[in-house]
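Structure assessment
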Amino acid sequence: EVSFNPSFDDNHFNVEYNMEKGRTDLNTSTMFEAKDLPLYPSAIDINATLVGETETSFDENGKTRNLYVLSYEGDGIAFTVTQEIITPYTALEIIKMSGQLIEYGGEVGVFSNNYLVYQKNGIEYKIYSKTLSAQRMLEIVSAMEVVAMK
């Protein structure tokens, strides 16, 4: 059935209202916090062992950034993953990046020069490897989860 006289909420076509609502909806409980880091690729078999784990803090433009670095090695593979909490945007921000878009299971990353950049749930991941394909890198970072270490 087609309605030729539909009714819409007053804000239905209000771009500013809808953009603000979209940003608010993104800042829900699916967003990770600093206390949740580091995350580990536990939801996937990576055939590698964690050989190094570092947390480092540094100042950039008057803001303290915390970066987690995880290094893995296995039979013929090696890779490093960095993780950092990102600040939600208060306005639309366009960041120009060069590289190849890689898609896996509805997730998208940008691949360039043996590293992949990927953002999800308030975390920016960068994975570096000379032995992994871009597709495999995206599979690994999209499988990162909170893990209770013994």
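The preceding data block contains the structure.
Residues numbered from 1 in each chain as written. Predicted model: local features only at pLDDT ≥ 70, side-chain atom pairs only at ≥ 80, totals over all residues. Heavy atoms only, no water.

1. What about the environment of Ile-102?
By the secondary structure assignment, Ile-102 is in strand E4 (residues 100–104). A relative accessible area of 7% places Ile-102 in the buried class. Separated by 15 residues in sequence, Ile-102 and Val-117 place their C-alpha atoms 9.9 Å apart. With sequence-adjacent residues up to four places away left out, Ile-102 is seen in contact with Glu-107, Val-108, Gly-109, Phe-111, Leu-116, Ala-134, Gln-135 and Leu-138. (Helix = DSSP H or I, 4+ residues; strand = E, 2+ residues; numbered from the N terminus. Buried < 20%, exposed > 50% of the residue type's maximum accessible area, 1.4 Å probe, protein only. Contact = heavy atoms within 4.5 Å.)

2. Quick word on the pattern of salt bridges
Counted under the stated rule, the structure contains four salt bridges. The salt bridge partner of Arg-65 is Glu-84, with a shortest N-O separation of 2.5 Å. Placement of the pair is Arg-65 in strand E2 (residues 63–74) and Glu-84 in strand E3 (residues 77–85), with a sequence separation of 19 residues. The buried category is assigned to Glu-84, whose relative accessible area is 9%. A salt bridge links Glu-124 to Lys-126; the shortest N-O distance between them is 4.0 Å. (Salt bridge = Lys/Arg side-chain N within 4 Å of Asp/Glu carboxyl O.)

3. Regarding the packing of aromatic side chains
For the structure shown, the criterion picks out four aromatic pairs. Taking 5.2 Å as the distance between ring centres and 70 degrees as the angle between the ring planes, the aromatic pair formed by Phe-8 and Phe-13 counts as edge-to-face. (Phe/Tyr/Trp six-rings, centres within 6.5 Å; stacked < 30°, edge-to-face > 60°.)

4. Regarding the nonpolar core
One finds Phe-79, Leu-116, Tyr-125, Ile-127 and Val-141 to be the most contacted residues of the largest nonpolar core, which totals 27 residues. For this core, the secondary-structure elements that each account for two or more residues are E2, E3, strand E6 (115–120), strand E7 (123–128) and helix H2 (134–141). It is H2 that contributes the most residues to this core, five residues altogether. Residue contacts for Tyr-125: discarding those within four places in its chain leaves Leu-39, Val-81, Thr-82, Gln-83, Leu-116, Val-117, Tyr-118, Lys-120, Val-141 and Met-144. (Core = buried A, V, L, I, M, F, W, Y, C linked by side-chain atoms within 4.5 Å.)

5. Here we look at the side chain of Glu-84
A distance of 2.5 Å separates the side chain of Glu-84 from the side chain of Arg-65, its partner in a polar contact. Those residues within four positions of Glu-84 in sequence are excluded, and the remaining contacts are Arg-65, Asn-66, Leu-67, Gly-122, Ile-123 and Glu-124. (Polar contact = N/O pair within 3.5 Å; in protein donor to acceptor, adjacent residues only side chain to side chain.)

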